[in-house]
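Architecture at a glance
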Amino acid sequence: MRSGVVAQKVGMTRVFTEAGEHVPVTVLRLAQCQVVAHRTKDKNGYVALQLGSGARRANNMNKADRGYFGKQNVEPRRKLAEFRVTEDALIPVGAEITADHFIPGQFVDVCGITIGKGFAGGMKRWNFAGLRASHGVSISHRSIGGTGGRQDPGKTFKNKKMPGHLGVERVTTLNLKVVQTDVERGLILVAGAVPGSKSGWVTVRDAVKKKLPKEAPKPGKFRVSEAAEAKTESEQAKPASDQASSAEQAAAQASAAAEQAANAATQAAKAADQAAKAADKAASAAKKKEGE
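Quick summary incoming for the structure in this document. Computed from a predicted structure; not experimentally measured.

Next up on the list: the overall build of the protein. For the protein, the count of helices and strands is four helices and 13 strands. The globule rule puts the C-alpha radius of gyration for 292 residues at 19 Å, and the 37 Å found for the protein is more than 25% above it. Dimensions of the protein, computed from C-alpha atoms along their principal axes, come out at roughly 150 × 65 × 40 Å. Of all 292 residues assigned to the protein, the portion counted as buried reaches 28%. Sequence-distant contacts in the protein: of pairs separated by 6 or more residues, those separated by 24 or more amount to 72%. Approximately 19500 Å² of the protein is accessible, and the part contributed by carbon and sulfur atoms is 51%.

Here it is, written out as structure tokens:
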């Protein structure tokens, strides 16, 4: 299972096919989508990648956030998101995912926050038909009508479709086709509409209800900066240094144990000498008594 990306919605346009047909597409921009951290099974109980996108000014952040990004040795990011992946699909920390992570023709799922429309009536919110526009309806043509029963149940049930707040919901649009990708500008063109407003943040992942094409790169398409490569090399060299330090610790412990054994032997020899002297004194005292 591959990782997704965090993208910014630019807007909608259209592209023309070779047959002359136009396809309405949504333009998504990868604003330096970078791997910020790893989630491992030993430490977190699951395997995932934390991605960040969009530049963020460090002087507008609190100390805890600055420390977190500084510990990971990555630039501060405006939007963070996690993607569950398999262990063989992990991407190094600091790597930047490029637009050719997705290939034209494959299907993706796009998740975003819908546009807020404030308080809406039943006709706009739930597509109600409204009341009759003829005789007998007094200035309430767009009302929803009755909402409860008679004496039984004598109340309006919860989750009844009624007027209320519309929009600002997390919505996932499934099976959108990738039409084009632009690696240099970091653009992904997806056929159809995507939830959210312009300049809003969305997450794009491989479609869960469609098969991933064989041509799709695994674990993905990304470029690694020099700092990330240096960090990866240091992490790879770290086990060797850990082994050396553990060997040194073992040697120190062994020498300490040898010293303790030598001290114990010395003390035992002293005790044996004292016991021999005491025996000699006892023997001489017994001889004196016999002579008397």
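Next comes the rest of the account.
Turning our attention to the nonpolar core. Counting residues in each nonpolar core, the largest one holds 28 residues, and the members touching the most others are L51, V108, I188 and V204. Every element with two or more residues in this core is listed here: strand 1 (5-16), strand 4 (48-55), strand 5 (77-84), strand 7 (107-113), strand 10 (170-182), strand 11 (187-191) and strand 12 (201-206). Core analysis: the next-biggest nonpolar cluster, separate from the first, contains six residues, V36, A37, F69 and V93 among them.

Strand order in the closed barrel made by the six strands is 1-2-11-10-7-12, with antiparallel pairing throughout. Pairs of neighbouring strands in the sheet enclose a mean axial angle of 50°, with direction left out of account. Sheet topology note: the strand 10/strand 11 ladder contains four bridges and is antiparallel. Within the sheet, the bridge partner assigned to V178 lies in strand 11 and is V190.

Take the environment of T26 next. With respect to the helices, strands and loops of the structure, T26 is situated in strand 2 (residues 22-29). Of the polar contacts made by the side chain of T26, one reaches the backbone oxygen of G192; its length is 2.6 Å.

Once that is clear, we can look at the packing of aromatic side chains. Counted under the stated rule, the structure contains one aromatic pair. A cation over an aromatic ring shows up here: K210 above the ring of F107, its NZ or CZ 5.0 Å from the ring centre.

Once that is clear, we can look at the pattern of salt bridges. In this structure the tally under the stated criterion is seven salt bridges. Ionic pairing is found between D65 and R56, a salt bridge with its closest N-O pair at 3.7 Å. Residues R223 and E96 are paired through a salt bridge, measuring 3.5 Å at the closest nitrogen-oxygen approach. With R223 in strand 13 (residues 222-223) and E96 in strand 6 (residues 96-97), this residue pair connects regions lying 127 residues apart in the sequence. Given the relative accessible area of 44%, R223 is considered partly exposed. Taking relative accessible area as the criterion, E96 reaches 21% and is therefore assigned partly exposed.

All right, on to unusual backbone geometry then. Trans is the prevailing form of peptide bonds, just as negative phi is the prevailing case for residues other than glycine. A cis amide bond links D152 to the next residue, P153, at an omega of 10°. Note that P153 resides in the loop between helix 3 (122-126) and strand 9 (164-166). With an omega of 0°, the peptide bond running from K218 to P219 counts as cis. Along the polypeptide, P219 turns up in the loop between strand 12 and strand 13.

Let us look at the side chain of T98. Along the chain, T98 turns up in the loop between strand 6 and strand 7. Non-local contacts of T98, meaning those with residues more than four positions away in its chain, are made with L30, V183, K221, F222 and R223.

With respect to the helices, strands and loops of the structure, G196 is situated in the loop between strand 11 and strand 12. Overall, G196 belongs to the buried group, its relative accessible area being 11%. In sequence terms G196 and K287 are 91 residues apart; their C-alpha atoms lie 112 Å from each other. Setting aside residues no more than four positions away along its own chain, G196 makes contact with K9, I113, T114 and I115.

What follows is about the pairing of strand 11. The buried fraction of strand 11 amounts to five of the five residues, a majority that puts the element mostly inside the structure. A two-sided burial pattern is seen for strand 11, the buried positions comprising L187, L189 and A191 on one face and I188 and V190 on the other. Here five bridges tie strand 2 to strand 11, and the two strands are oriented antiparallel to one another. Bridging from a neighbouring strand, R29 pairs with L187 of strand 11. Taken together, strand 10 and the strand that follows it, strand 11, pair antiparallel across an intervening segment of four residues, in which G186 is found at a positive phi of about 70°.

Looking at the secondary structure, you find K9 in strand 1. Buried within the structure, K9 lacks any salt-bridge partner; its nearest side chain of opposite charge belongs to E169, at an N-O separation of 15 Å. Aside from chain neighbours lying at most four places away, what touches K9 is T26, V27, L28, V194, P195, G196, S197, K198, S199 and G200.

Scoring rules and cut-offs
- Throughout, a residue's number is its position along its own chain's written sequence, starting from 1.
- In keeping with the model being predicted, local features are shown solely for residues with a pLDDT of at least 70 and side-chain atom pairs are shown and tallied solely at 80 or more, while totals for entire chains, interfaces and linings include all residues.
- Neither water nor hydrogens contribute to the side-chain values; these are computed over all heavy atoms in the structure.
- Starting at the N terminus, helices and strands are each numbered in turn, a helix being any DSSP run of H or I of at least four residues and a strand any DSSP run of E of at least two.
- With C-alpha atoms as the basis for the radius of gyration, the globule rule is written as 2.2 Å multiplied by the number of residues raised to the power 0.38.
- Categorising residues by exposure relies on relative accessible area from a 1.4 Å probe, with only protein chains included: less than 20% of the type maximum marks a residue as buried, more than 50% marks it as exposed, and the intermediate range marks it as partly exposed.
- Throughout, a contact is declared for two residues whenever any of their heavy atoms are within 4.5 Å.
- Each accessible area is a Shrake-Rupley result for a 1.4 Å probe, and residues are judged covered by the shown protein chains and nothing else.
- Joining through side-chain atoms within 4.5 Å is the link that ties buried Ala, Val, Leu, Ile, Met, Phe, Trp, Tyr and Cys residues into a set, and such a set is a nonpolar core.
- Any two strands between which DSSP finds at least two bridges are classified as paired.
- Inter-axis angles, ranging from 0 to 180 degrees, are taken between N-to-C directions of lines fitted to C-alpha atoms, where helices are fitted over the stretch in contact.
- For the purposes of these results, a polar contact is taken to be a pair of N or O atoms within 3.5 Å, where, inside protein, one atom must be able to donate a hydrogen and its partner to accept one; residues adjacent in sequence count only when each atom of the pair is a side-chain atom.
- Only rings of Phe, Tyr and Trp enter the pairing, Trp through its six-membered ring, and a pair is recorded when the two centres are within 6.5 Å. The plane angle decides the type: under 30 degrees is stacked, over 60 is edge-to-face, the rest tilted.
- Sitting over a ring, as applied to charges here, requires NZ of Lys or CZ of Arg to be within 6 Å of the ring centre and within 35 degrees of the ring normal.
- Here, a salt bridge means any Lys or Arg side-chain nitrogen found within 4 Å of an Asp or Glu carboxyl oxygen.
- Counted as positive: Lys and Arg. Counted as negative: Asp and Glu, with His and the chain ends omitted from the count.

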